[in-house]
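The primary structure of each chain is shown beneath.
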Amino acid sequence: MRTIRYQIGPEDGGRTVEQFLRGKQGFSGRVVIALKKLPQGLLLNGAHVRTIDPLSPGDLLEVNLPEEPKRMPLCHIPVPILYEDDDIIVYNKPAGMPCHQSGGHIYNTLSSVYAAHCAETGAVTSFRALNRLDKDTTGTVAAAKNQFAAGKLWKRVSKRYFALVQGELPFPAGLIDLPLRREEPLELRRVVDPEGQTARTEFRVLAAAGGASLVGFVLHTGRTHQIRVHLSHLGHPLLGDVFYDGREEPGLGRQALHCGMVIFPHVITGEEQRVPAPLPEDLRRVMDRLGLPWREEWLDFSPAADPMALPRFLRRV
């Protein structure tokens, strides 16, 4: 069980328990409702308290998040843990591993890796991915260990992606602003279309050599396959991404895409957490063959202060 304790300061005296939790601490209404139904969910100075009861300076408010038993197949494939605390875990996902179960992938998912980790540590909680990667995309995947953390970090996790693309982009930095939709209903493949959903991809060219470029990306929307579709549409598909018209690359066997960084506020303190994932060996080998350099500081490159002021690929579709 996850327990969070709050010492009530003078500025919060007079607030109700619900006002304190939902306002200052960022609890969702759903979590507060669940807590008040539990005998030990909310305790004030060691005794059960109602959500409508007022707080006084010096009070100790204790929140006991319920355990969430969920039967999942266990996967013991070793996946590096890049960061872990009481509320968040960040994995360095390998290629070939889906984040979640689906009809075609029941076992060997990252959620099953997490289930095995919980079995080893004695935790009882569900896997709530805060960002998701395609099966063959590598890199950082952050997951919340409880509903409170998931709600507090919803849409507050930013990412830095890196890809090897064919050719050289026309600008050293820019914004691709092209709407996306499914090519066919219920199909996975996406295409650029004027009637699609808004999709904006900021890019920065980090290096170019051997007929390819190493490019860093920041997503300003989170559409499925966004980077892959945008780059393919512009005539610069990702190396190895045969699904979106990229060329096969010896020794790769997948799209050359890696999530190299996640950035999020600490659930309790609000302090910014920056968790990098090193570039995987298969991409490094391709880069060495092409003569593309790599610098570790690129993992933490900064996006543009005003992405809309960058050279833009607009809705010319």
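Overview of the structure. Not measured: the values here are computed from a predicted model. (Residues numbered from 1 in each chain as written. Predicted model: local features only at pLDDT ≥ 70, side-chain atom pairs only at ≥ 80, totals over all residues. Heavy atoms only, no water.)

### Some details on the pattern of salt bridges
Scanning the model with the defined rule gives 23 salt bridges in all. Here Arg15 and Asp12 are joined by a salt bridge, their closest N and O atoms 3.1 Å apart. Here Arg15 falls in the partly exposed class, since its relative accessible area comes to 34%. The exposure class of Asp12 is buried, given its relative accessible area of 3%. A salt bridge links Arg189 to Asp245; its shortest N-O distance comes to 3.6 Å. Of the two residues, Arg189 is situated in the loop between strand S11 (180–182) and strand S12 (190–192) and Asp245 in the loop between helix H5 (226–233) and strand S15 (257–265); the sequence distance between them amounts to 56 residues. (Salt bridge = Lys/Arg side-chain N within 4 Å of Asp/Glu carboxyl O. Buried < 20%, exposed > 50% of the residue type's maximum accessible area, 1.4 Å probe, protein only. Helix = DSSP H or I, 4+ residues; strand = E, 2+ residues; numbered from the N terminus.)

### A word on the pairing of strand S13 (residues 200–209)
Pairing of strand S10 (residues 173–177) with S13, which is carried by five bridges, proceeds in the antiparallel orientation. Within S13, the position partnered with Asp177 by the bridge is Arg200. (Pairing = 2+ DSSP bridges.)

### A word on the packing of aromatic side chains
Summed over the entire model, instances satisfying the criterion amount to ten aromatic pairs. Both rings, one in Tyr83 and one in Phe264, keep their centres 5.7 Å apart while their planes meet at 75°; by these two values the pair is edge-to-face. With Tyr83 in strand S5 (residues 81–84) and Phe264 in strand S15, this residue pair connects regions lying 181 residues apart in the sequence. Overall, the relative accessible area of 17% leaves Tyr83 in the buried class. Considering the side-chain rings of Trp294 and Trp298, the 5.8 Å spacing of their centres and the 75° angle between planes classify their relative orientation as edge-to-face. (Phe/Tyr/Trp six-rings, centres within 6.5 Å; stacked < 30°, edge-to-face > 60°.)

### Some details on the side chain of Asp177
By the element assignment, Asp177 lies in strand S10. A polar side-chain atom of Asp177 sits 3.4 Å from a polar atom in the side chain of Arg200. One polar contact links Asp177 to Arg312, side chain to side chain, over a distance of 2.7 Å. (Polar contact = N/O pair within 3.5 Å; in protein donor to acceptor, adjacent residues only side chain to side chain.)

### Observations concerning helix H3 (residues 110–121)
In this model H3 runs 17 Å from its N-terminal to its C-terminal C-alpha over twelve residues, within 8% of the 16 Å that 1.5 Å per residue would give. In terms of residue burial, H3 counts as a mostly covered element, since nine of its twelve residues are buried. Here H3 has its buried residues at Leu110, Ser111, Ser112, Val113, Tyr114, Ala115, Ala116, His117 and Cys118. Considering only its buried residues, H3 is in contact with S5, strand S6 (88–93) and strand S8 (138–144). Looking one or two residues beyond H3, the residue adopting positive phi is Gly122, at roughly 85°. (Expected span 1.5 Å × (residues − 1). Contact = heavy atoms within 4.5 Å.)

That's the geometry; what it means functionally is another story.
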